[in-house]
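Structural features, examined
Given next are the chains, with one letter for each unit.
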Amino acid sequence: TLSLHDALPICKICDEFAKRDNRIKVIHQKNKGVSVARNNALDIASGEFITFVDSDDTIEKEHILNMVNLLKDDTDIVCMPLGKGVTTQNIQEFNGIESLRYILQEQYFRELNFAWSNWNKLFKSDVVKNIRYLSDEKVGEDLSFLWKAFLDSKKVVFGNKKTYNYRVSNTSVMQSNFDERHESLTLVCDRFLEYVKNNNIDLLEEAYYTKANKLFELLYRARDVKNIKMVKKYSNELKKIQMRIYANKHLSLKFKFVYFLHANFENLFIFRRNIKEKFKK
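Within any chain, residue numbers begin from 1 and follow the written order of that chain's sequence. This being a predicted model, a pLDDT of at least 70 is required before a residue's local features are given, and a value of 80 or more before pairs of side-chain atoms are given or counted; all residues contribute to the totals for chains, interfaces and linings. The basis for the side-chain values is all heavy atoms of the structure; hydrogens and waters are excluded.

**Focus: the overall build of the protein**
To keep it simple, the criterion reads: For the purposes of this entry, the term helix denotes a DSSP run of H or I that reaches at least four residues, the term strand denotes a run of E that reaches at least two, and both are numbered from the N terminus. Type-normalised accessible area, obtained with a 1.4 Å probe on protein chains alone, sets the label of each residue: buried when under 20%, exposed when over 50%, and partly exposed for intermediate values. What makes two residues a contact is simply this: any of their non-hydrogen atoms within 4.5 Å. Methods summary: accessible areas were calculated by the Shrake-Rupley approach with a probe of 1.4 Å, and residue burial reflects only the protein chains presented.
A count of helices and strands for the protein gives 13 helices and nine strands. The proportion of buried residues among the 281 residues of the protein is 42%. In the protein, the proportion of contacts linking residues at least 24 apart, taken out of those at least 6 apart, comes to 72%. Surface summary for the protein: the accessible area is close to 16400 Å², and the carbon and sulfur share equals 53%.

Given below as structure tokens:
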């Protein structure tokens, strides 16, 4: 999201490039959020492949070339790790389900960061031509787009050159104070979980942990703004799926113990915080 003052010169630059090259298309619109912008771009895209770059991030000059060089005739998606440099990790190839598992299990290990974002990936247009961002998904929309694309893919390639530079922006929804928009993160997780269940896809363990991980994030945000109602709601949601988390062999005993406390004794955390604040005064 750019201010009008910042956006005007950028718009002029974009328009100038469009004049020079008829392959470049520029859309001018009022700010309606990233999902609307991406949908409009997808509607007019005519290339063989689709990639995204967020306005507050940067890419290395060879970013697109590195992804194109990994393409083969049967490749549907190419993913590049975030950051700069070359990793020691070998180039990996998986089918759609295994690729989605590979990304979601980063939450356990965090060895590489391919993330469940859309912007460090190259998608074959045929795979994503019928996927659109949903208006009721204000947060977590990248995961919604990603799992649909991956589960419709036959081959996904994971590169080892870090050429996409993700930058944390204070203006992004995820970095903003907790409000009703963040609620849609649970909706995104529930839709993914429901699809995995209904279609008997071997990603149930990852889907439950993804939901738990995001519930923790929401819980901390709600606690920061002292929204006790939402704190209790997220704690109850954690309680509902706790047995699935305890059965997850990838998770440490320490994590499961902390999970148990947040799911079953959230009132203690609220009491502890109130006492701390009282002593500070």
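Here the narrative resumes.
**Thoughts on the sheet that holds strand 1 (residues 49-51)**
Formally: Pairing between strands is defined by DSSP: at least two bridges between them are needed. The axes are straight lines fitted to the C-alpha atoms, using for helices just the contacting stretch, and the angles between their N-to-C directions are given from 0 to 180°.
Taken in spatial order, the five strands make up an open sheet running 1-6-3-7-5, and their pairing is mixed. Looking at which strands have only one partner, the edges of the open sheet turn out to be strand 1 and strand 5 (92-94). On average, adjacent strands in this sheet sit at an angle of 15° to one another, irrespective of strand direction. Pairing analysis gives three bridges linking strand 3 (residues 77-79) to strand 7 (residues 156-158), with the strands arranged parallel. Of the residues in strand 7, the one forming a bridge with Ile77 is Val156. Most of the contacts of helix 4 (residues 96-104) go to strand 5, to which it runs at about 125°, and overall it touches strand 5, strand 6 (121-124) and strand 7.

**Quick word on helix 4**
Note the cut-off: In protein, a polar contact requires one atom able to donate a hydrogen and another able to accept it; more generally it is a pair of N or O atoms within 3.5 Å, and residues adjacent in sequence count only if both atoms are side-chain atoms.
Along helix 4, the positions that sit buried rather than exposed are Gly96, Ser99, Leu100, Arg101, Ile103 and Leu104. Among the residues of helix 4, the N-terminal cap falls to Asn95, whose side-chain oxygen and the backbone nitrogen of Ile97 are separated by 3.2 Å.

**Some remarks on the packing of helix 7 (residues 141-150) against helix 8 (residues 184-198)**
To keep things clear, this is the line we draw: Small angles under 35 degrees read as roughly parallel and large ones over 145 as roughly antiparallel, with 65 to 115 read as roughly perpendicular and the rest as oblique. Should the near helix be turned anticlockwise from the far one by less than a right angle, the crossing is left-handed, and should it be turned clockwise, the crossing is right-handed. Polarity classes work like this: nonpolar for Ala, Val, Leu, Ile, Met, Phe, Trp, Tyr, Cys and Pro, charged for Asp, Glu, Lys and Arg, and polar for all others, with Gly in that last group.
The geometry of helix 7 relative to helix 8 is characterised by a closest axis approach of 9 Å and an angle of 20° between their N-to-C directions. Overall, the two elements helix 7 and helix 8 adopt an arrangement that is roughly parallel. Of the two possible hands of crossing, helix 7 and helix 8 adopt the one that is left-handed. Across the interface between the two elements, Glu141, Leu143, Ser144 and Trp147 of helix 7 pack against Val188, Arg191, Phe192 and Tyr195 of helix 8. Split into classes, the residues belonging to the contact of helix 7 with helix 8 amount to five nonpolar, one polar and two charged.

**Details of the packing of aromatic side chains**
Heads up, the rule is: Each aromatic pair joins two rings of Phe, Tyr and Trp (for Trp, the six-membered one) with centres within 6.5 Å, and gets the label stacked for planes under 30 degrees apart, edge-to-face for over 60, and tilted for any other angle. A ring has a charge above it when a Lys NZ or an Arg CZ is no more than 6 Å from the ring centre and no more than 35 degrees off the ring normal.
Overall, the coordinates contain 21 aromatic pairs when judged by the stated rule. Taking 5.1 Å as the distance between ring centres and 45° as the angle between the ring planes, the aromatic pair formed by Phe94 and Tyr102 counts as tilted. The rings of Tyr209, Phe216, Tyr220, Tyr246, Phe255 and Tyr259 are connected pair by pair, giving a single aromatic cluster. Seen from the ring of Phe17, Arg20 lies directly overhead, with NZ or CZ sitting 5.4 Å from the centre. The lysine or arginine in question, Arg38, covers the ring of Phe52, its NZ or CZ lying 5.1 Å from the ring centre.

**A word on the pattern of salt bridges**
Opposite charge on two side chains lets them pair, provided their charged atoms get close. Test applied: Basic side-chain nitrogens of Lys or Arg form a salt bridge, by our definition, when they fall within 4 Å of a carboxyl oxygen of Asp or Glu.
For the structure on display, the rule yields 20 salt bridges. Notably, a salt bridge pairs Lys214 with Glu217, separated by 3.3 Å at the nearest N-O pair. Residue Lys214 and its partner Glu217 are located together in helix 9 (residues 204-224), separated by three residues, close to a single helical turn. A relative accessible area of 24% places Glu217 in the partly exposed class. Between Glu266 and Arg223 there is a salt bridge whose closest N-O contact spans 3.0 Å. Here Arg223 lies in helix 9 and Glu266 lies in helix 13 (residues 266-280), a separation of 43 residues in the sequence. Accessibility assignment for this pair places Glu266 and Arg223 in one class, buried.

**Observations regarding helix 8**
The condition that has to hold: Take the number of residues in a helix, subtract one, and multiply by 1.5 Å to get its expected span.
Over its 15 residues, helix 8 runs 21 Å from end to end, which matches the ideal 21 Å to within 8%, given 1.5 Å per residue. Every buried residue belonging to helix 8 is among Ser184, Leu185, Thr186, Val188, Cys189, Phe192, Leu193 and Val196, and all of these are buried. In this structure, the buried residues of helix 8 make contact with helix 4, helix 7, helix 9 and helix 10 (228-240). A positive phi of about 50° marks Asn200, the residue just after helix 8.

**Some points on the nonpolar core**
Under the convention used in this document: Nonpolar cores are built from buried Ala, Val, Leu, Ile, Met, Phe, Trp, Tyr and Cys residues. Side-chain atoms within 4.5 Å join them into one set.
By size, the foremost hydrophobic cluster in this structure holds 55 residues, and its most contacted members are Phe123 and Phe150. When residues of this core are assigned to their parent elements, the largest contribution, nine residues, is made by helix 9. Look past the residues within four positions of Phe150 in its chain and what remains in contact with it is Ile77, Cys79, Gly96, Ser99, Leu100, Ile103, Lys121, Val156 and Phe158. Counting six residues, the second-largest nonpolar core is a separate cluster that includes Met67, Leu70, Val78 and Val157.

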